[in-house]
Amino acid sequence: MINIENKIIDTIKRYDMLYPGAHVAAAFSGGADSTALVNFLYENAENLNIRLSAIHVNHMIRGEEADRDEVFARSFCEKRNIPLEVYKKNIPEMAKAASAGLEECARNARYNIFKEFFSGALVATAHNQNDSAETFFLNLFRGSGLKGLTGIPPVRGNIIRPLIFCERKEILEYCREKKLDFVNDSTNFDNSYRRNAIRNIIMPEIEKINGSFYSSLYRCQEALKADEEYLNAEAHIISDKLFINDKYNINILLNMHISIRRRIISIIGGNLTGAVLEFKHIEKIDEIMESGGSVTVSGGHIICSDGKFLFLKGSPLEKPKISHIIEDFSNSIEIGSKKVDFTVKNEEIGNNLRNISKEAFSNTIDCDKLYGRVILRNRLPGDKFARYGHKCTKPLKKLFSEKKIPPEEREGLLMLADCNGVFWVEGFGIDERVKIDNNTKKFVFLEVRNYGNT
């Protein structure tokens, strides 16, 4: 067996990427990396006990060259009898409409396809050690914090990356030994793209200095990841201790090191607003804590300080009339004529995913995908929601209007939110980001009983 194959198998085992009988849909562009991935999974499908298919997205960016890639992907899969799904997305038009970059828009389109059409499958992408290094430098140049420097994760939700610890030169050698043809994307040589400049100019120079740079960077990122996880856990513990009657006591916070203080401010901001704070807002809140003042953050929320507490400013309508902190989903909650029951399961879903009814699925939450404090509340201005099974994120106000929910009923609808925003809405179900999948190990099913209607 070629050395790289042992490395891939070790990665799959180490991160428990597969389970018996799994449907693995491989993202297949036709380039060297994805060709190696699809071929490896094809040749080892029986030993790995998986069912393999492939996904090709024609972004319609490169005209005839993009069509050539599609033809190659079809031919490669037909010769091996691998089921292939092909999607065409007019990325130039989509990027123009969204005022976004082509690369960002293309990536979002791919991952939306992964979520929408392959929710019951494991999606394998061909990200490798070089990609992780390039992402490290991209985030470094953007001024990223610790989290952005930890690299591309081997597993994220239903996305698995079996090649993540393989260098690109190993992948090219694999293709040569296996006599695999592949296509080249001409835009990969356009150094006006920042990632390409890193790949084609910066990385070769670094390798001249340190030939084992990728393994060195891996050790560095593993250390950063451990620090990130520890600091984040400590920040959550401290932020919980500071919470008093819808406000956060900042006396202790003022004397803390700026590293942990900024993390706690980020968590507090998320808890108060249901949104992820930008770094510039975290800095401004840090500045006003002792002297007093206010900062307007994303969604129009205003976070205030009176020198003693951090709190959310607004009229009574702008604050939740209903607010219950959920510690561990162990107890039912009664609110007026409604009762919310939680059923927690600590077990791997695996192949049982297909046996879960649609109604149960839309009200079942993967606990490991939650971030920070969980609150049961009613709607706040600026709340957004990516309803399970739908393509886009919408303001709740718009969603309620589309479903013709009377204004007088909207404030009484219950919802759950964590630091990343609303993830469940009564009558609508879960947000895409917390849905269960084959990798889910702990989940909670919730049910609302309305005694006023019985």
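The model shown is predicted, which means the values in this text are computed figures rather than measured ones.

Cut-offs used in this document
Residues numbered from 1 in each chain as written. Predicted model: local features only at pLDDT ≥ 70, side-chain atom pairs only at ≥ 80, totals over all residues. Heavy atoms only, no water. Helix = DSSP H or I, 4+ residues; strand = E, 2+ residues; numbered from the N terminus. Expected span 1.5 Å × (residues − 1). Buried < 20%, exposed > 50% of the residue type's maximum accessible area, 1.4 Å probe, protein only. Arc of directions from axis to C-beta. Contact = heavy atoms within 4.5 Å. Pairing = 2+ DSSP bridges. Salt bridge = Lys/Arg side-chain N within 4 Å of Asp/Glu carboxyl O. Phe/Tyr/Trp six-rings, centres within 6.5 Å; stacked < 30°, edge-to-face > 60°. Lys NZ or Arg CZ within 6 Å of the ring centre and 35° of its normal. Core = buried A, V, L, I, M, F, W, Y, C linked by side-chain atoms within 4.5 Å.

Attention now goes to helix H3 (residues 64-80). Along its 17 residues, H3 runs 25 Å from first to last C-alpha, staying within 8% of the 24 Å computed at 1.5 Å per residue. Those residues of H3 not exposed but buried are Glu65, Ala66, Asp69, Glu70, Phe72, Ala73, Phe76 and Cys77. The buried residues of H3 all sit within an arc of 160° when viewed along its axis, so they share a single face. Residues of H3 that are exposed and point more than 90 degrees away from the buried face comprise Glu64, Val71, Glu78 and Lys79. Looking at the buried residues of H3, the elements they touch are helix H2 (32-48), strand E2 (50-58) and strand E3 (84-88). At the exit of H3 stands Asn81, carrying a positive phi of roughly 60°.

Turning our eyes to something else, we now look at the sheet that holds strand E9 (residues 293-296). The five strands lie next to each other as E7-E8-E11-E10-E9, forming an open sheet whose pairing is antiparallel. Of all the strands in the sheet, the pair left with one neighbour each is strand E7 (243-244) and E9. Of the strand pairs in this sheet, strand E8 (residues 247-249) and strand E11 (residues 309-313) are connected by two bridges, and their pairing is antiparallel. Bridge pairing in E11 places Asn249 opposite Phe309.

Let us now look at the pattern of salt bridges. By the definition in use, this model includes 27 salt bridges. Of the charged contacts in the structure, one is a salt bridge between Glu222 and Lys225, with a shortest N-O distance of 3.3 Å. Of this pair, Glu222 and Lys225 both sit in helix H9 (residues 213-242), separated by three residues, roughly a single helical turn. The partner of Asp383 in a salt bridge is Arg377, with the nearest N and O atoms 2.8 Å apart. Neither Asp383 nor Arg377 differs from the other in exposure class; each is buried. When salt bridges that share partners are traced, they join Asp33, Asp131, Glu134, Arg168, Arg195 and Arg199 into one network.

Most peptide bonds are trans, and most residues other than glycine sit at a negative phi. A positive phi angle is found at Asn49, which is not glycine, with a value near 60°. By the secondary structure assignment, Asn49 is in the loop between H2 and E2. The phi dihedral of Lys179 is positive, around 55°, even though this residue is not glycine. The topology assignment puts Lys179 in the loop between helix H7 (168-177) and helix H8 (194-209). Exposure remark for Lys179: the relative accessible area of 75% places this residue in the exposed category.

On inspection of all chains with the given rule, the structure shows 12 aromatic pairs. Considering the side-chain rings of Phe136 and Phe137, the 5.2 Å spacing of their centres and the 90° angle between planes classify their relative orientation as edge-to-face. For the pair formed by Phe136 and Phe137, the shared burial category is buried. Through a chain of ring-to-ring contacts, three or more aromatic side chains come together here, namely Phe136, Phe137, Phe141, Phe213 and Tyr214. The ring centre of Phe311 lies 5.1 Å from the NZ or CZ of Lys247, which sits over that ring.

With that out of the way, let us pick up the sheet that holds strand E12 (residues 323-326). One open sheet holds the five strands; their spatial order is E12-E16-E19-E20-E21, and the pairing between them is antiparallel. Edge positions in the sheet fall to E12 and strand E21 (429-430), since each has one partner strand and no second. The pairing of strand E19 (residues 415-418) with strand E20 (residues 421-425) spans four bridges and is classified as antiparallel. Note that in E20 the partner of Ala417 across the bridge is Val422.

Let us now look at the nonpolar core. Residues Leu18, Val24, Phe28, Phe40, Leu41 and Ile50 are the most contacted members of the largest nonpolar core, which totals 39 residues. Of all the secondary-structure elements, those providing two or more residues to this core are helix H1 (3-14), strand E1 (22-27), H2, E2, H3, strand E4 (122-124) and H7. Ranked by the residues each element gives to this core, the list is headed by H2, at eight residues. Val24 has contacts with Leu18, Leu41, Ile50, Arg51, Leu52, Ser53, Leu122 and Ala124, leaving out every residue within four places of it along the chain. By size, the runner-up hydrophobic cluster in this structure holds 24 residues, among which are Leu242, Ile267, Ile268 and Val295.

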